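Single-letter residue listing:
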Amino acid sequence: MLNLINTSFDNCLKCTVCTTRCPVAEANPDYPGPKQAGPDGERLRIKNPQLYDEALKHCTNCKRCEVACPSGVHVGTVIQLAKARHGGFKKGPREFMLSHTDLMGSLSSPAAPIVNAMTKLKPVKKLLDKTLGIDQRRTFPKYTGETFRSWFNKQSGTQASFQRQISFFHGCFTNFNDPTVGKDLVAVLNAMNIGVSLLKKEKCCGVPLIANGFFNKARKNAELNMSQFAHSLTKTECVIATEPSCAMTLRDEYPEVLEVDNSAVKDRIFFAAAFIAREFARGNLPDMKPVPLRVAYHSPCHLIKAGGVIYTMELLNSIPGLEVIMLDQKCCGLSGTYGFKKENYRTSQSIGQGIFDQIEALDVDYVVTDCQSCKMQVEMNTDRTVLHPLTLLAQSLT
Ligand code: SF4
Ligand code: SF4
């Protein structure tokens with residue numbers, strides 16, 4: 001049945017701008033590009049479902065086509081929904097493992113040293129490659145022995161002592177893999193006299209589940225998160241997320257892709273940098289010391305889609321002594337779980353090559369980005385360490 005809330009494809013002007021901006025169409029000749037896979041293909045699929053094109057599997061849902069479209073066509077969403085309707089997602093054990101990030105995190109984190117040692121071993125990587133199709137050339141993310149929530153529980157008394165309170169949606173990566181960004185956010189907000197509170201329960205925002213076709217599970221997570229938001233917002237000003245893909249999904253993908261109504265809370269969900277930059281503009285600035293570094297900033301696709309890059313730049317530019325070089329706005333190519341799949345490895349690496357080359361040619365101390373997935377890809381393919389903007393802001397606190 002035609003989904004009447006997703007008829008934006010009918011606004012297509014056939015200008016082809018989206019296809020010129022699609023990183024997959026540029027790197028992989030098997031992908032026809034967003035115009036053909038999105039609005040053009042949708043008309044054919046409505047007429048005859050047999051005309052569904054398997055090539056839609058190549059789309060990474062990076063949303064660059066949507067940013068480029070002058071006519072407001074939600075091209076990436078049209079493609080994801082078409083894949084869901086026409087059985088275009090392969091849902092095997094590999095997809096389950098890669099997408100159920102909170103389940104994998106809660107199993108792996110208690111045994112972090114063993115899991116981290118195992119996933120570095122060549123024979124283990126080869127086995128995962130041969131049996132599951134997870135490319136052995138990938139570096140796997142490490143798990144942390146102490147989750148962000150465990151660390152936070154020790155700070156909850158201090159946090160409750162602040163008069164102003166915000167809720168923090170930490171996401172799976174900050175909780176189970178690397179809590180650094182969460183800790184830095186708490187330090188920065190506390191320096192601005194704002195306390196942090198966590199949701200009583202939090203589930204994965206749904207990005208990897210949507211990307212791998214587990215829509216029912218993603219919907220369940222969305223419903224739980226929305227009920228938690230409604231409860232938590234009776235006591236706090238807003239909900240903020242540090243991960244651009246989480247923030248975009250909580251605000252935009254819940255109603256559009258999962259048909260979960262978030263209208264009661266949507267206007268109170270913010271990308272962390274947007275919230276902090278607005279506080280800075282109102283004069284709530286922490287005392288900052290110089291951070292004499294030269295860094296290159298990489299803007300993540302989903303942050304570009306959400307219009308959030310300007311806020312991160314505001315934060316970086318407010319740090320005294322920091323020199324920021326803006327990299328070309330190109331996709332890093334990993335797209336979360338996409339680049340881990342053996343069949344996507346070549347496309348993923350080819351998409352990211354432009355960014356890797358640009359970084360290697362620059363004389364900078366660090367690369368900076370807001371997205372943990374981009375960080376993984378850049379650190380695997382260059383000899384640079386990647387920091388989150390909030391880490392630099394935390395370093396500048398006096
Ligand atoms: S979402 Fe990204 S990969 Fe998919 S069609 Fe649009 S630009 Fe291409
Ligand atoms: S950019 Fe928008 S209007 Fe132009 S072809 Fe793509 S979907 Fe159609």
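In this convention, every chain numbers its residues from 1, walking through the sequence in written order. Written order decides the labels, with chains lettered from A and ligands numbered from 1. Thresholds applied to this predicted model are a pLDDT of at least 70 for local features of residues and 80 or more for the giving and counting of side-chain atom pairs; totals over whole chains, interfaces and linings are not thresholded and use all residues. Water and hydrogen atoms were dropped before computing side-chain values, which therefore reflect all heavy atoms in the structure.

Per an unreviewed UniProt entry, the chain goes by Anaerobic glycerol-3-phosphate dehydrogenase subunit GlpC and derives from Endozoicomonas euniceicola.

A. Inspection of a positive patch on the surface at higher detail. Candidate patch residues must exceed 30% relative accessible area and have no salt bridge, after which like charges are joined if within 9 Å and Val, Leu, Ile, Met, Phe, Trp or Tyr side chains if within 5 Å. Computed with a 1.4 Å probe, the accessible areas rest on the Shrake-Rupley method; for each residue, only the protein chains presented here act as cover. Throughout this description, the term salt bridge denotes a Lys or Arg side-chain nitrogen within 4 Å of a carboxyl oxygen of Asp or Glu. When charges are counted, Lys and Arg are positive and Asp and Glu negative, with His and the chain ends excluded. Here the site of a charge means NZ on Lys, CZ on Arg, CG on Asp, or CD on Glu. Among the surface-exposed residues, Lys-200, Lys-201, Lys-203 and Lys-235 lie close enough to one another that they form a single positively charged patch. With respect to the helices and strands, the residue Lys-200 is situated in the loop between β2 (194-198) and α14 (207-211). Accessible area is worked out with a 1.4 Å probe on protein chains only. A residue is then buried under 20% of its type maximum, exposed over 50%, and partly exposed in between. Overall, the relative accessible area of 74% leaves Lys-200 in the exposed class. In this description a helix means any DSSP run of H or I spanning at least four residues, a strand means any run of E spanning at least two, and both kinds are numbered starting from the N terminus.

B. Broad picture of the sheet that holds strand β7 (residues 366-368). What the 4 strands build is an open sheet, ordered β6-β5-β7-β8; its pairing is parallel. The open sheet has two edge strands, β6 (323-326) and β8 (386-387), and neither has a second partner. Strand pairing is assigned whenever DSSP identifies at least 2 bridges connecting the two strands.

C. Up close: helix α3 (residues 34-47). Across its 14 residues, α3 extends 19 Å between first and last C-alpha, which sits within 8% of the 20 Å expected from 1.5 Å per residue. Two axes enter the bend calculation: one fitted to the seven residues ending at the residue in question, the other to the seven starting there, and the bend is the angle between them. Gly-41 marks the point of greatest bend in α3, at about 50°. Every buried residue of α3 is listed here: Pro-34, Lys-35, Ala-37, Gly-38, Pro-39, Asp-40, Gly-41, Glu-42 and Arg-45. Taken together, the buried residues of α3 touch α1 (17-20), α4 (64-68) and α5 (75-85). Take the number of residues in a helix, subtract one, and multiply by 1.5 Å to get its expected span. For this analysis, residues touch if any pair of their heavy atoms sits within 4.5 Å.

D. The arrangement of the site of ligand 1 in detail. In this text, near means that some heavy atom of the residue lies within 4 Å of the molecule or strand in question. With respect to spatial proximity, the complete set of residues near ligand 1 consists of Cys-22, Pro-23, Val-24, Tyr-31, Pro-34, Cys-59, Thr-60, Asn-61, Cys-62, Lys-63, Cys-65 and Ile-79. Classification used: nonpolar for Ala, Val, Leu, Ile, Met, Phe, Trp, Tyr, Cys and Pro, charged for Asp, Glu, Lys and Arg, polar for all others including Gly. Partitioned by chemical class, the residues of the shell around ligand 1 number 9 nonpolar, 2 polar and 1 charged.

E. Main features of the packing of helix α20 (residues 345-361) against helix α21 (residues 372-381). Whenever a helix is involved, its axis is fitted only over the stretch in contact; in every case the axis is a line through C-alpha atoms, and angles between N-to-C directions fall within 0 to 180 degrees. Viewed as axis vectors pointing N to C, α20 and α21 meet at an angle of 75°, and their least axial separation amounts to 10 Å. Looking at the two axes, α20 sits roughly perpendicular to α21. Counting all contacts with α20, which are made through Tyr-345, Ser-348, Gln-349, Ile-355, Phe-356, Ile-359 and Glu-360, the residues of α21 involved are Gln-377, Val-378, Met-380 and Asn-381. Its residues placed into classes, the contact of α20 with α21 shows 6 nonpolar, 4 polar and 1 charged. Throughout, the term roughly parallel applies to angles under 35 degrees, roughly antiparallel to angles over 145, roughly perpendicular to angles from 65 to 115, and oblique to all others.

F. Examining the packing of aromatic side chains more closely. Only rings of Phe, Tyr and Trp enter the pairing, Trp through its six-membered ring, and a pair is recorded when the two centres are within 6.5 Å. The plane angle decides the type: under 30 degrees is stacked, over 60 is edge-to-face, the rest tilted. Here the structure, examined in full by the defined rule, presents 7 aromatic pairs. Look at Phe-148 and Phe-152: their rings are 6.0 Å apart centre to centre, the planes differ by 40°, and that puts the pair in the tilted class. Here Phe-148 pairs with Phe-152, and both are found in helix α10 (residues 148-153), just 4 residues apart, close to one helical turn. On the basis of relative accessibility, which here comes to 0%, the residue Phe-148 falls in the buried class. Between Phe-169 and Phe-229, the ring centres sit 6.0 Å apart and the planes meet at 75°, which makes this aromatic pair edge-to-face.

G. Spotlight on the pattern of salt bridges. Enumeration over the complete set of coordinates arrives at 20 salt bridges. A salt bridge links Arg-137 to Asp-135, with the nearest nitrogen and oxygen atoms 2.9 Å apart. Residue classification places Asp-135 among the buried positions, given a relative accessible area of 1%. Here Glu-323 and Arg-294 are joined by a salt bridge, their closest N and O atoms 2.8 Å apart. Linking Glu-323 in strand β6 with Arg-294 in strand β5 (residues 294-297), this pair joins segments that are 29 residues apart in sequence.

H. Local environment of the environment of Asp-129. Turning to its location among the elements, Asp-129 is positioned in helix α9 (residues 122-132). The class of Asp-129 is buried, set by a relative accessible area of 3%. Taking the C-alpha atoms as reference, Asp-129 lies 23 Å from Ser-106; in sequence the two are 23 residues apart. Each residue touching Asp-129, except ones within four places of it in the same chain, is listed here: Ile-134, Asp-135, Gln-136 and Lys-342. Two N or O atoms count as a polar contact when they lie within 3.5 Å, although within protein this holds only if one can serve as hydrogen donor and the other as acceptor, and sequence-adjacent residues are included solely when both atoms are side-chain atoms. Among the polar contacts listed, one links the side chain of Asp-129 to the side chain of Lys-342, at a separation of 2.6 Å.

I. Representation of a nonpolar patch on the surface. A grouping of Phe-96, Leu-103 and Leu-107 is seen on the molecular surface, where their side chains present a nonpolar patch of about 280 Å² in accessible area. Residue position: Leu-103 is located in helix α7 (residues 101-108).

J. Looking closely at the site of ligand 2. Taken together, 13 residues lie near ligand 2, and Cys-12, Leu-13, Cys-15, Cys-18 and Cys-69 sit nearest. Here the shell around ligand 2 is built from residues that sort into 9 nonpolar, 2 polar and 2 charged.

K. Molecular detail of the sheet that holds strand β1 (residues 164-169). What the 4 strands build is an open sheet, ordered β2-β1-β3-β4; its pairing is parallel. Because the sheet does not close on itself, it has two edges, and the strands there are β2 and β4 (269-271). Strand after strand, the sheet turns through a mean of 40° between neighbouring axes, direction not considered. In this structure, strand β3 (residues 239-241) lies alongside β4, joined through 3 bridges in parallel fashion.

L. Broad picture of helix α15 (residues 215-232). Spanning 18 residues, α15 covers 25 Å between terminal C-alpha atoms, matching the ideal 26 Å at 1.5 Å per step. Listing the buried residues of α15 in full gives Phe-215, Ala-218, Asn-221, Ala-222, Asn-225, Met-226, Gln-228, Phe-229 and Ser-232. Take α15 and look down its axis: the buried residues cluster within an arc of 165°, on one side only. In α15, those exposed residues whose orientation departs by more than 90 degrees from the buried face are Asn-216 and Lys-220. The arc under discussion is defined with respect to the helix axis, by the directions toward the C-beta atoms.

M. Geometry of the domain arrangement of the chain. Looking at the assigned domains, one finds that the chain contains domain 1 (8-85) and domain 2 (286-396). Residue ranges labeled as domains rest on an automatic or database domain assignment. On a C-alpha basis, the centres of domain 1 and domain 2 stand 27 Å from each other. With 15 residues of domain 1 at the contact, the number on the domain 2 side is 14 residues. Summed over both sides, the interface of domain 1 with domain 2 buries roughly 1,100 Å², with 59% coming from carbon and sulfur. Three residues stand out in domain 1 for area buried against domain 2, namely Ala-27, Thr-60 and Arg-64, and they jointly supply 44% of the buried area on that side. Here the buried area means the combined drop in accessible surface, using a 1.4 Å probe, for two parts upon being joined, counting both sides.

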